[in-house]
Each structure stands twice: as structure tokens, then as C-alpha cells.
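Observations on the three-dimensional arrangement
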Amino acid sequence: MDNSHFFVTGDPMIYGADVSIILVSLAIIIYLTYFKKWGWLWREWITTVDHKKIGIMYLLSSLLMLFRGGVDAVLMRIQLAVPNSHFLASEHYNEIFTTHGTIMILFMAMPFMFALFNMVVPLQIGARDVAYPFLNAVSFWLFFLGAMLLNISFVIGGSPNAGWLSYAPLSENDFSPGPGQNFWIWGIQISGIGSLMTGINFVVTILKMRTPTMRLRDMPLFSWSVLASSIAILGVFPIFTATLAMLTIDRLLGGHFFTMTGGGNPMMWVNLIWMWGHPEVYIVVLPAFGVFSEIVATFSKKRIFGYASMVFSMIAISIVSYYTWVHHFFTMGAGANVNIVFAICTMIIAIPTGVKVFNWLFTMYRGRIRITQPMLWFMAFVPCFLVGGATGVMLAAAPADYQYHNSYFLIAHFHQVLIGGVVFGYLAGMYYWFPKIFGIKLNERLGKWAFWTWQIGFYVCFMPQYALGFMGMTRRMYTYNSTMGWDMGWAPLNMISTVGAFLMGIGFIFQVWQILYSIKHGERDVTGDAWDGRTLEWSIPSPPPVYNFAILPVVKGRDAWWYQKQEMQKGSYQKEAVKYEPIHMPNNSGIPFLMAVCFFIAGFGFTFEWWWMGIAGLIGVFITLFARSFQYNTDHFISVEEIERTENALRNHGSIHRTAN
Amino acid sequence: MNKWIQTAKLSLLAFLGTALLSGCDRSKFIVLDPRGPVGKQEYNLIILSVILCAIIIIPVIGIFTYIVLKYRDKPNNKAPYQPEWDDNKFLEIIWWGIPIIIVAILGVFTAKTTMNLTKPPVKDVDPIVVQVTSLDWKWMFTYPDKKIATVNYAEIPAGVPVQFILTSDAPMNSFWVPQLGGQEYTMPGMSMGLWLQADKVGEYFGSGANFTGKGFAHMQFRVKAVKQEEFNKWAKQVQKDSPVLTKAGYKKLSKPSLEKELSFSSYPIGLFEDIVNKNGGIYYDHMNHMGDHTTMSDMNMKK
């Protein structure tokens, strides 16, 4: 391979990025050194196995990636705002939409989801950590360094440019030589392994780590959604890993799984990648449904309506999602019968989804609705997701899909469900649980500005794209009106869409400002129960102590904390004598980080086909595994005195009527 | 703040209104302006699905608005409050039932249309075959009956069903002429069939819909539907006036580049079959013949 272009050159924007990367890195290094923070960073964050801290790191990284993916989006929209634009060259544009898609799904949505898993699930089920805290740290660092590997590609080696799912044979050596495509493979392969481990971790956590008195049928719906999503992860991420490995064999070792020659079959790639890719979108949307279930019940001061039906519909979605993948390529000519089966399966998945909407509505019905920031995002979600779901049903009608496929109609549809469903859901979750994790309420005024710019921006950006689809505009065109002389009248709507993209960008800036402002000036939550919540996470102080629950909570039914509060108010709550016992906790470990660094080195080596480096990295991975096997000092006990000290400090600081636990 | 939100809502509506009005010229929405039986069937299905979805969505948004307005947490709100009410079998049956019915209706029509589109749109007219090869980054059309080839434009007789036989000698693309009907992938090593038909004389926009790299955005082509006599005349003209597409000529044409519209008076015999086979076609059992009747028996033997 030609490695003469190790650093990407020739584009002023890239030079600008080079300079800012160097400046930011220097600033961080100087800051850490000047304030002697290196030890703090290592002890408190890099080696941590605490699910709350890992959750915070996931959240920070996903917001960072939202920024990166958002910049990609804005660059694309600038390019398309006017016809015959020369802002970006074809290949640059292709790189940008490839990284936009990859980053938004794998490095923004996934970690944001894992942030919520980590920050909330153990607290909600009355656990002191996840089932495998060490593995949890491994997952995070694999994700983070996988994401970094893909992200450096735009300054070193060149970015991938074959689309976010890199259809073969375009993604094969014949059409995409060079390191760009390898960056894509290794970046998402490494982080994908982390995702699979997180899936395993949360299935076990939810099944085995609940406080002994919590039955599955009393478990909060967010935890149920995490279970459904994690089970789907277990089913499909192995396919993802294997598919990427096959492409690696093609590209690195001259294999012929998906090539045009030698008996390769590109259609197999399309099938395999969507067998993962379709359930993947349900994996990310299910936890958003879970978030909304919590928010609606809390802010309607009412039990969730149709709990059993909610659980059943989530399980149904996660199962039927395995049988819809062909709807991404009805136009591949699988035959009428195959198309009909997958079209109907796709429509079927709309049924449980629709049922969930009805159940949320009737949770609010005869409730008392408080319009807080999380609730605002829910209220934006309902109409947005209904319309997105409807266009999804339209797309599912196979023959109609022949007309929408790969057009801007499709683009508008999946942005509407992914932004309207997933992003709104996760943001709602962030607003909802921020006071729990950080003990700070996010500023209301800035939040409203962010909310409305996001909303207006969203509709202004994506509604015109449905129309553009009907006008015949296909996706992934870096320019239009330029060669064959067709003026299809796409220009005005494209301009409007670009305005919308900018508004969403402004909305994001408001949110960053809101978070920073609130950290400095925001209202502190001293009650631990910022929203008058219903589930266990609100029964402990904010932020929770390292062991979460000093005494494992007793759960008598759904919404355990809500009813305990009612009993406490009535005075009928039987407060048992507090008797602490030593708490068993895992030790911090640097091995997850070091292992991920070795993976990074291996990935970087294979990307450039430097075998010595790739193999050295893999050897490093094995050494860290080996070292861990001989590590005997992996856990410790928190003494009763220390628990008493911590609890007294937290409780005195907290509200007076707090007597639970 | 509230005032501001009102303003924001209004400006949003104004914005959307303008967006819709600016596009009111229906002829621009080519997908919604089909000019052939295939496109029309797909259009009908689109309209049906919009109506069925609207039946669900509009009432739900209505109910949602009503609930949010009525059950606000205000001190003087007299609306009933039943915090423990969380189950109603009758309601649950209704909202499981209605979507099931809607999906069933849409499912039946989807299945019907899907089956219909695998057949020629009209039975009483003899169809013609046009072979389509997507290249980096241009479209080549070969006419097995006329033995002529074109690049980046195709002429077809109006009122006659056309079976487009699709393949690719480059990464996977998708052949789409919105006003005639939906698209189908062009794939290396595969020959796929797509029935389309233009009812009226006219020029129709076509484009590649599946990303194929650097020159993808330039892969538009023209489909010109003319009267049968004119089509025959045009074919004769091309046979007489245009250069020959040789094997070497095709090799050059298939290299990554952009091309203008081109015509060729002939092409190497079995070109399309060779393209399919060299890209792995020999390994597949083809659903569709490759359109070239002279080499059909040849193909069968290879299987």
C-alpha cells in the first residue's frame, strides 16, 4: 500500500483542524501538568470501574461526538445549499457523509445510550454496581479508543468514503484503496467488541443484580427497555464482528467474500450488514422508549398505563426487529415473495410501537402534567415520532419503496425517527437524570432556548427533504444541476434545509452553554429527589455515594419509592433500625485502559498494513488479559464506619425528612 | 418566555407553509406525477399508505393535544385525577386492534402490487428489452433487438412495456426513472429485470440512486419515449450514422470517467452476457434471461 500520504494535505480546512487539534492537546497537557492533575485523572477516571463515572465518561464522549458529527452535517448542508457548489470536492463530501453516519450511530447514539445504561440501571434496580465492573471499564475504553481511531483518520491517512455501511464491492480494495476504509473497519470493530460486552454486562446485571426483593414484573420500564435492547445486542453484534472480519480478510489478505471477482458476492455483504444494522436502530430506540416511560409517569404523577403491554411490546419489538432487515434493499430483487414477507414484518413492528404511544397518552390522561425540561422533549417526541413512524410504514410498502429508496424521502424518514426518537429520548434522559448523577439541575431558561431552536431547526431541516425525495433527489450527491443540465428545482428546498441544520447547531451550542452555566451557577439538588420521582434511584442522595445503597432497598411493588414516600407522609412507614454491613466493592484497575490502548495500536497497525505493529498490538492485548488472570487483589470491603461517616455527611446535608434506607 | 414560544410556533408554521407553497408546482414532484402504469400503481400505493397512516396519526395528535391541555398540573385544575388507574382491557384491545387492521389492509395491497410489478404492465403489446449496465460513472444501454448501444440516454417506444435487464460493471448502483416507476439495483454478476412503461411521449429524468464513489452525483441520464415509428427510425439512424463500439472501445468506456450522451451503431456480440459472467455471473442461477435471444441457449448450457 502507498503510505506516502501519511498526513492528509492540501485542504485548508484540514490544516485548520490540525492546528486546533495540536492547540487543544497542548492546552490539556499544560492544564493537567500545571494543576498537577495527572494522578487525579489516572486514579479517579482512567482506572475507575464505578458505573456512574463510566457513565459520565460515556456521556462526555458522546456529546463530543455529537459535535463532530454535527459539524459534518453542517458542512454537508453548506455544500448542498446552492447548486453547483464548490465548497467541498466530491471525495471530501463523500468522506464527510461517511463519517457523519458512522459517528452519529456508533460513536454518538451508542455511547449516549450506554451513558444512560450506566448512570441509571444499577440505581434503578437497587444494585451497587453492574455485574462485571471490570468488563464495563474494558467496554468503555474499547469504545473510546475505537472512536478515536476513526476520528484521527481525517488528519492522518484519509477518511473512509464508501458510506456509513460501506457497501461492497465499493468498500473493497479495487474501488477504495488506502487506509481510509481500514480506519472504518478497525474503528468500529474495536468499539463493537466493547458494545457486545456491555450488552452481556447489562443482561446479567438486570437478571442477577436486582435488589433481592425486586421482581422482574416490578422492575421500572427503563430497565426493561435496557434488557430488551441488550438482548438484541447479544443477537446481532456477533454478526457485525464477523462481517467486519470478513471484509478485513478481503482487504488485508486478498480474500473474496464480497469482491466482484473470484466468486465473491457483494449481496452477501448487504444482507449481513443489515442483519446487524436493522436491529441496531431498534437497539438504540428501545432505551429511548424506556426513558419516556419513566418521564411520563413521573411528570403525570401517575402509574404508567398498561405496564404489561409496555413490556410485551418492547420484547416484541426486539424479536421482530430480527426479521425486517431486507426492507433496506427491497430493490435488490430478492423476489416478490421475500419482499412481501419482509414488508409485512416491517409493518408489524409498527403495531407495538404504536401501542406504546397510546399507553403514554393514557398515562397522562387523568394525571397531573408538569411541563419540565424532560417532559418538553417527550412532548416534542410524540408528534415527531408519529410522523416518522408513518413515513416508515409508507417505506415498508415494498413497491412504494422502489420510489423512495435512496432518495431524500428516506433520509428525512430515518433522521426523523433517529433524531425525533433516539436523540430527543436521550436528551430527555439526560435532562431527567442529570440532577441525580451530578446533583445539579440544568438551567431552565437556556434549556428552553435550546429546545425551541432544536425543534424549529429540525422541522425546517427535514420536512423539505421529504419533498426533495418526491422531486427525485437521491442521497449522497455532492452536488446537483452540474453535468447533464437537468434543473429539477431542488435548490430552494435545499437552501431551507440548510437553514434548519444551522438552527439545530445553534440549539446544540445552547445546550453546551446550558450545561457549563449550570455547573457553575445551577440550582443544587440537595434532596436526591429532584423531580418527586417514583423509582429507587430517587431514594438515594445526589450524586450517589460510591456504593449507591448503604442498605439494599426493600421493594414491595412497582414505583417502590413513590409508595414509600406516601407511607412516610402518612406516618405509617416502619423505619427499621439502620444496621450497616461492610460493602463488597471492586478495585480500580488500569488494565482496561491499557488493553484498549493495545487494541488501538493493533488497529492502527492493520489500518496501514504495518503487520509488525498490528501483531505487536495484539500481543499487548494478550499480555493485559494474562496480567488480569493473575491479579488476585481485585476487590475490597467498605467498612461500616466509613459507610456511617459517608451517610451521615450526605443525610445531614440533605433534606430532613429523608429517612429511607 | 411564553410570548416568545408563541412567536416561535407561529414562525415555524409560516416557514413550513412557505416551504410547501414554494413547491406547489406539481410537475416538480416527479414521483407524484407518474407517466406510466408501473409508476401509477406505485403512486396509488403511496396515496393509500398516506391515508391509512393519517387515519391513525391525526386523531392521536388530537388526543395528545387534548390531554396535555386538560391535565396540566395547576392548582385550580378541576379535571379528574386518578393516579392509580393504570389498566383497561377494553382500551388496550382497541389500540392493539386498530393498528393491526390498518397493517392488514396495507399488507394486502402491498402484496398485490408487489406481485403485479413482476409482470409486464400490459399484456396485449409485445415488450421490448433494453439491457442496462451501470459503469463508473455513466450508464450504458444496449438494445439486443437493434444491436445498437447508447450511453447516458435511452430511447423507448411509448405505450410498449420495456423490460430493462440490469447489471453493473462497477460497484452496485440503482436504476431509477421516477416518472416511469421505481428503481432496482444494478449489481455486478447479476442480471435483474425491471418492467417499466411510458404511456406518453416525453423525456424523463433518470439517475443512479446507489452511491458508487467520486463521480456518482453526475450519473443522470435521459429516457426519451417516442412513438413506435420514430423509435424504429431513430434505431436505423443510429445504425447508419454512429461509430462502432468495439471490445477495446468498451474497455475504455468502462474505465472511471464521466461521459456525455453517446450512440453506437453496434456492440460486440454477447457484450452484456460477458459483463455479467466475468463479474461472477457464472456462479448464479439467473432469475431473468439476459435479454439477448441469440445467446439464450448458450446461457442455459452454462447453468
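Parameters at a glance
Residues numbered from 1 in each chain as written. Chains lettered and ligands numbered in written order. Predicted model: local features only at pLDDT ≥ 70, side-chain atom pairs only at ≥ 80, totals over all residues. Heavy atoms only, no water. Helix = DSSP H or I, 4+ residues; strand = E, 2+ residues; numbered from the N terminus. Domains from an automatic or database assignment. Contact = heavy atoms within 4.5 Å. Buried area = accessible area lost by both parts, 1.4 Å probe. Salt bridge = Lys/Arg side-chain N within 4 Å of Asp/Glu carboxyl O. Polar contact = N/O pair within 3.5 Å; in protein donor to acceptor, adjacent residues only side chain to side chain. Nonpolar A, V, L, I, M, F, W, Y, C, P; charged D, E, K, R; others polar. Axes fitted to C-alpha atoms, helices over the stretch in contact; angles between N-to-C directions. Parallel < 35°, antiparallel > 145°, perpendicular 65-115°, else oblique. Left-handed = near helix turned anticlockwise from the far one by under 90°. Expected span 1.5 Å × (residues − 1). Buried < 20%, exposed > 50% of the residue type's maximum accessible area, 1.4 Å probe, protein only. Phe/Tyr/Trp six-rings, centres within 6.5 Å; stacked < 30°, edge-to-face > 60°. Lys NZ or Arg CZ within 6 Å of the ring centre and 35° of its normal. pLDDT = per-residue confidence, 0-100. Pairing = 2+ DSSP bridges.

Take unusual backbone geometry next. Residues A:S542 and A:P543 are joined by a peptide bond in cis, for which omega reads -15°. Within the secondary structure, A:P543 is located in the loop between α15 (491–521) and α16 (560–570). For the bond running from B:D136 to B:W137, omega is -10°, close enough to zero to count as cis. Checked against the element boundaries, B:W137 lands in the loop between β1 (128–135) and β2 (138–143). Of note in this structure, A:N406 is not a glycine but carries a positive phi near 60°.

Turning next to the domain arrangement of chain B. Residue and element names in this part refer to chain B. According to the domain assignment, chain B contains domain 1 (29–72 + 85–118) and domain 2 (128–286). Distance from the C-alpha centre of domain 1 to the C-alpha centre of domain 2: 37 Å. Taken together, the contacts link 13 residues of domain 1 with 14 residues of domain 2. For the pair domain 1 and domain 2, the summed buried surface comes to about 980 Å²; carbon and sulfur atoms form 55% of the total. Sorting the residues of domain 1 by area buried against domain 2 places I30, R35 and V38 first, and these three jointly supply 49% of that buried surface. Linking domain 1 to domain 2 there are one salt bridge. Where domain 1 packs against domain 2, one counts seven residue pairs in polar contact (both at pLDDT 80 or more). Here the side of domain 1 that touches domain 2 is built from residues that sort into six nonpolar, three polar and four charged.

Attention now goes to the packing of helix α3 (residues 51–81) of chain A against helix α4 (residues 90–124) of chain A. Residue and element names in this part refer to chain A. Contact geometry for α3 and α4: axes closest at 7 Å, N-to-C directions at 155°. The pairing of α3 with α4 is recorded here as roughly antiparallel in orientation. You can see that α3 and α4 cross each other, and the crossing is left-handed. Here the residues of the contact of α3 with α4 are counted per class, giving 25 nonpolar, 10 polar and three charged.

What follows covers helix α10 (residues 336–364) of chain A. Within an α-helix, residues lying three or four positions from one another point in the same direction, as the helix has 3.6 residues per turn. The terminal C-alpha atoms of α10(A) lie 43 Å apart, and with 29 residues this matches the ideal 42 Å at 1.5 Å per residue to within 8%. Within α10(A), 22 of the 29 residues are buried, leaving the element largely enclosed by the surrounding structure.

On to the packing of aromatic side chains, then. Given two aromatic rings, their pairing is described by the distance between the two centres and the angle made by the two planes. All names here are of chain A. Taken as a whole and assessed by the stated rule, the structure comprises 91 aromatic pairs over all chains. Consider the rings of Y34 and F35, whose centres lie 5.2 Å apart with planes at 85°: the pair is edge-to-face. The class of Y34 is exposed, set by a relative accessible area of 65%. You can call F35 partly exposed: its relative accessible area is 47%. With centroids separated by 5.8 Å and ring planes inclined at 75°, the aromatic side chains of F299 and Y432 adopt a geometry described as edge-to-face. Placement of the pair is F299 in helix α8 (residues 266–300) and Y432 in helix α13 (residues 408–438), with a sequence separation of 133 residues. Taken together, the ring pairs connect W42, Y58, F107, F114, F117, F140, W141, F143, F144, F202 and F593 into an aromatic cluster. A cation sits over an aromatic face here: K37 above W40, 4.9 Å from the ring centre.

Turning our eyes to something else, we now look at the confidence of the model for chain B. Mean pLDDT over chain B stands at 88; residues scoring 70 or higher make up 85%. Confidence drops under pLDDT 50 across residues 293–303 of chain B; counting only partners more than four residues distant or on other chains, this segment forms 10 contacts.

Here the focus is the packing of α4(A) against helix α6 (residues 179–208) of chain A. Residues and elements named next belong to chain A. Taken N-terminus to C-terminus, the directions of α4 and α6 make an angle of 25°; their axes are 11 Å apart at the nearest point. The angle between α4 and α6 falls in the class roughly parallel. Judged by the sense of rotation from one axis to the other, the crossing of α4 with α6 is left-handed. Contacts between α4 and α6 involve T102, L106, F107, M110, F114, F117, N118 and V121 from the former and W184, G187, I188, S191, S195, T198, F202 and I206 from the latter.

Let us now look at the sheet that holds β1(B). All names here are of chain B. If you walk across this open sheet you meet the six strands as β8-β5-β1-β2-β3-β11, and the pairing is mixed. The open sheet has two edge strands, β8 (192–196) and β11 (262–264), and neither has a second partner. With direction set aside, neighbouring strand axes in the sheet form an average angle of 25°. Two elements, β1 and β2, share five bridges in a ladder whose sense is antiparallel. By the bridge assignment for β2, V132 is matched with F141. Each of β1, β2 and β5 (162–168) is contacted by helix α6 (residues 271–278), which is oriented at about 40° to β5, the strand it contacts most.

This part takes up the sheet that holds strand β4 (residues 153–157) of chain B. All names here are of chain B. Reading across the sheet, the five strands line up as β4-β10-β9-β6-β7 and stay open at both edges, with mixed pairing between neighbours. Edge positions in the open sheet fall to β4 and β7 (181–186), since each of these has one partner strand only. Recorded for the sheet is a direction-independent mean angle of 20° between the axes of neighbouring strands. Where β4 meets strand β10 (residues 220–226), five bridges bridge the pair, whose relative direction is parallel. What sits directly across from E155, in β10, is K224. Helix α4 (residues 228–241) contacts β4 and β10 of the sheet and is inclined by roughly 140° relative to β4.

Moving on, we get to the side chain of A:H415. Residues and elements named next belong to chain A. Looking at where H415 falls in the secondary structure, it is placed in helix α13. Among the residues examined, H415 registers a relative accessible area of 16% and is labelled buried. Only 2.8 Å separates the side chain of H415 from the backbone oxygen of I411, close enough to count as a polar contact. What H415 contacts, discounting residues up to four positions off in sequence, is H100, G420, F458 and F462.

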